[in-house]
Amino acid sequence: MDFLLLLLAITHVASAVQKPNVLFLIIDDLRPVIGSYDFSPKVLTPNIDQLASQSLQFNNAHAQQTVCAPSRTSFLTSRRPDSTHLYDFGSYWRTHAGNFTTLPQYFKENGYNSYSIGKVFHPGVPSNYNDDYPYSWSAPAYHPSTQQYKMSKVCPSESGSPVMNLLCAVNVFTQPEATLPDIQSSDHAVDMIKEFKQSSTKPFFLAVGFHKPHIPYKFPEEFLSLYPLSEIGLAPNPLIPKGLPSVAFSPYNQLRIRNDVIALNLSYPYGPIPETFQRQIRQHYFAAVSYTDMMVGKVLEQLTKSGFAENTLIVLAGDHGWSLGDHGDWCKYENFETVTRVPLMFHVPNVTTTRSHFELKSPFLSPKPEPKGPQTDALTELVDIFPTLADLAGLKPVPMCPKESSKIELCTEGLSLAPIFDKSKQRKVHNDEEWKDAVFSQYPRPSDTPQKNTDLPDLKDIKIMGYSMRTKHYRYTEWVAFDPATYQADFSQVHAKELYLRDDDSLEDFNVAYEERYADLAASLRKKLIAGWRAALPK
């Protein structure tokens, strides 16, 4: 069916029966290591793979800024960081940038009960200390009580005394309250879905945010057995590239405050981390992902048990990626593919699958590989989620934002992905040449060289903004002067450039921005970067 017929069909179902429910699963710091993507080695994620087999998977989805609060504010308002004016953790968009309508708010205003569990908005100042309630939610957001121990000494150590480690595989029953945050969040989600079955008269919009694999790597210790350390390799590109501008590097300061990392006595800012510890970090990240996958499986299984799976749109996304030693780095505060690219998939009953059914799968039982679902390589962005869900649910389409939109409550700086879904039954990767021809990310810096606030500068300290553009064949980045008082970039003051030829350099190790033979290419990409996201939309 073509796009028009697809939307008519979805709208007819929504009006003739009940509007589809929405389940939005958000996973913190998740790069596409899950089984349905092309990451090597494959991480055991049977529950997310099961969802992917019944979804349209987007293989080229990118975050707008690779840190939690700015990314979440961006995709939940469908505005980019230069519109939300949030590059750090210090402001609330409604008072700082504009009274923008959010994704859950739009569904709430269209007859839905909307609920938040776990980490959806970033808590604290960026969501007004109340997760944007009551604007976005029908009830106050639920936060697991054990998240308060994130910076506490609760990790086991050789001395027997608990410490504040990066690597923190635990016996759950020895932990405060004898549980962990994502166990609490998934249990609460299961209970809510059961309650919907008994009492709800409206469709629901349920957002569930999982904390892992965000650091510290605190998860049930049994998950480590899935990844023997002897089988864990280093990153394929573990060294800092010679042509990497110093402004592009993160000194992974958030790792350096952990007791086990402090004990390594690393040189600042470049390290390196000893190889054995590198393998341990990668092992623990993989184990944390498998643990999170189990929590996702619990929620999906209850959706089926309660009879909602056949009438629920499901979207799963990471808020940004994470470096696992790539380019010698161990963080997310950059503009490389390893941190901008995220998993993204949409499950649409009767469109991406003929049968919506989920059952909990354990990675410990060697589950059979799931069949591949439909996939697309079209360049997409997290700001596309809001308008896409509105279209798939049969709501009034979200209008495109004009260039000056601070006074406009409802609009999008993304693009609905709904037109791609009519091709999804091809059950193969679809390269949509008529889609966006570039996607955009950015990251702020306080200086040209790494320092203590390089990773997370406060707004007032931002002096440089790194604007990064990913096209089908290239990644081009410019680090330019930035005025935090006016939120304006000055592209006439360039601090550094990066150009990666992705067809030959998919790991982005060789910066050719300053090579004479690529001068014309760099100039054309610079022009496209400055023209921005509007110029990259389908013609």
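Each remark here, short or long, concerns the structure printed above.
Residues numbered from 1 in each chain as written. Predicted model: local features only at pLDDT ≥ 70, side-chain atom pairs only at ≥ 80, totals over all residues. Heavy atoms only, no water.

Draft legend 1. Highlighting the nonpolar core. With 80 residues, the main nonpolar core has L23, L25, L166, L206, Y217, I281 and Y285 as its most contacted residues. Broken down by element, the residue count for this core peaks at 14 residues, all from helix α10 (residues 275-305). Residues in contact with L23, not counting those within four places in the same chain, are L206, V208, V299, L300, L303, T312, L313, I314 and V315. In this structure, V120, A207, L459 and Y476 belong to the second largest nonpolar core, which totals 70 residues. (Core = buried A, V, L, I, M, F, W, Y, C linked by side-chain atoms within 4.5 Å. Buried < 20%, exposed > 50% of the residue type's maximum accessible area, 1.4 Å probe, protein only. Helix = DSSP H or I, 4+ residues; strand = E, 2+ residues; numbered from the N terminus. Contact = heavy atoms within 4.5 Å.)

Draft legend 2. The arrangement of the packing of aromatic side chains in detail. Overall, the coordinates contain 24 aromatic pairs when judged by the stated rule. Pairing F204 with F308 gives two aromatic rings, centres 5.2 Å apart and planes at 90°, and the pair type is edge-to-face. Residue F204 is found in strand β5 (residues 204-210), and its partner F308 is found in the loop between α10 and β7 (312-318); the two are separated by 104 residues along the sequence. When sorted by exposure, F204 lands in the same class as F308, which is buried. With 5.0 Å between their ring centres and 55° between their planes, F223 and F364 make a pair best called tilted. Linking F223 in the loop between β6 (217-220) and α8 (253-256) with F364 in the loop between β8 (341-347) and β9 (375-381), this pair joins segments that are 141 residues apart in sequence. The buried category is assigned to F223, whose relative accessible area is 4%. Aromatic rings pair up to connect F39, Y217, Y227, Y285 and F286 into one cluster. (Phe/Tyr/Trp six-rings, centres within 6.5 Å; stacked < 30°, edge-to-face > 60°.)

Draft legend 3. Inspection of the layout of surface pockets at higher detail. Estimates place the volume of the largest pocket at around 910 Å³. D82, S83, K403, E413 and W533 are the residues nearest the centre of the largest pocket, which is lined by 29 residues in total. The set of elements that each furnish at least two residues to the lining of the largest pocket consists of α4 (81-84), β11 (439-445), β12 (464-470), β14 (488-501) and α14 (519-531). Residues belonging to the lining of the largest pocket are distributed by class as follows: 12 nonpolar, 11 polar and six charged. (1 Å grid on protein atoms, 1.4 Å probe; cavity = no way out; pocket = protein on both sides within 12 Å on 5 of 7 lines; lining within 4 Å. Points joined across faces, edges and corners; volume = space filled by probe spheres on them. Nonpolar A, V, L, I, M, F, W, Y, C, P; charged D, E, K, R; others polar.)

Draft legend 4. Structural detail: the sheet that holds β11. Ordered by their spatial adjacency, four strands build an open sheet running β11-β12-β13-β14, and the pairing between neighbours is antiparallel. Looking along the sheet, the strands with just one partner apiece sit at the ends: β11 and β14. With direction set aside, neighbouring strand axes in the sheet form an average angle of 20°. Pairing of strand β13 (residues 474-483) with β14 involves 10 bridges; the strand directions are antiparallel. What sits directly across from E478, in β14, is K497. (Pairing = 2+ DSSP bridges. Axes fitted to C-alpha atoms, helices over the stretch in contact; angles between N-to-C directions.)

Draft legend 5. Main features of the side chain of N237. Position of N237 relative to the elements: it lies in the loop between β6 and α8. By relative accessible area, which is 5% here, N237 ends up buried. Engagement of the side chain of N237 in a polar contact is seen with the side chain of D509, the distance being 2.9 Å. (Polar contact = N/O pair within 3.5 Å; in protein donor to acceptor, adjacent residues only side chain to side chain.)

Draft legend 6. Fine view of the environment of I48. By secondary structure assignment, the location of I48 is in helix α2 (residues 46-53). Take I48: its relative accessible area is 1%, and that puts it in the buried class. Sequence separation between I48 and T292 is 244 residues; the distance between their C-alpha atoms is 9.5 Å. In contact with I48, other than residues within four places in its own chain, are I27, I34, D293, V296, L316 and M345.

Draft legend 7. Region of interest: the state of the cysteines. Scanning the entire structure with this criterion turns up two disulfides. Between the sulfur atoms of C155 and its disulfide partner C168 the distance amounts to 2.2 Å. In this structure the cystine formed by C155 and C168 twists about its S-S bond by roughly -105°; its chirality is therefore left-handed. A residue pair is termed long-range when its members are at least 10 positions apart, and C155 in the loop between β3 (113-118) and β4 (167-170) and C168 in strand β4 qualify at 13 residues. Across the pair, C168 and C155 agree in class, each one buried. Two residues share a disulfide in this structure: C401 and C411, whose sulfurs sit 2.0 Å from each other. The sign of the S-S torsion, about 90°, decides the handedness of the disulfide formed by C401 and C411: right-handed. (Disulfide = S-S within 2.5 Å.)

Draft legend 8. Region of interest: the pattern of salt bridges. What the rule picks out here adds up to 24 salt bridges. Close ionic contact of K119 with D28 constitutes a salt bridge, the shortest N to O distance being 2.6 Å. With K119 in the loop between β3 and β4 and D28 in the loop between β1 (21-27) and α2, the pair connects residues that are 91 residues apart, well separated along the chain. Judged by relative accessible area, which is 8%, K119 ranks as buried. K436 is the salt-bridge partner of D384, the closest N and O atoms lying 2.8 Å from each other. Residue D384 is found in the loop between β9 and α12 (385-392), and its partner K436 is found in the loop between β10 (429-430) and β11; the two are separated by 52 residues along the sequence. What makes K436 buried here is its relative accessible area of 4%. Here the salt bridges do not stand alone but share partners, grouping E337, R470, R475, R502 and E508 into one network. (Salt bridge = Lys/Arg side-chain N within 4 Å of Asp/Glu carboxyl O.)

Draft legend 9. Representation of the pairing of β1. Summarising burial for β1: seven of the seven residues are buried, a large majority. The alternating pattern of β1 places N21, L23, L25 and I27 on one face and V22, F24 and I26 on the opposite face, and all of these are buried. Across seven bridges, β1 lies against β7 in parallel orientation. When the bridges of β7 are listed, F24 appears paired with V315. Where β1 and β5 come together, six bridges link them in parallel fashion. Counterpart to I27 in the pairing with β5 is F210.

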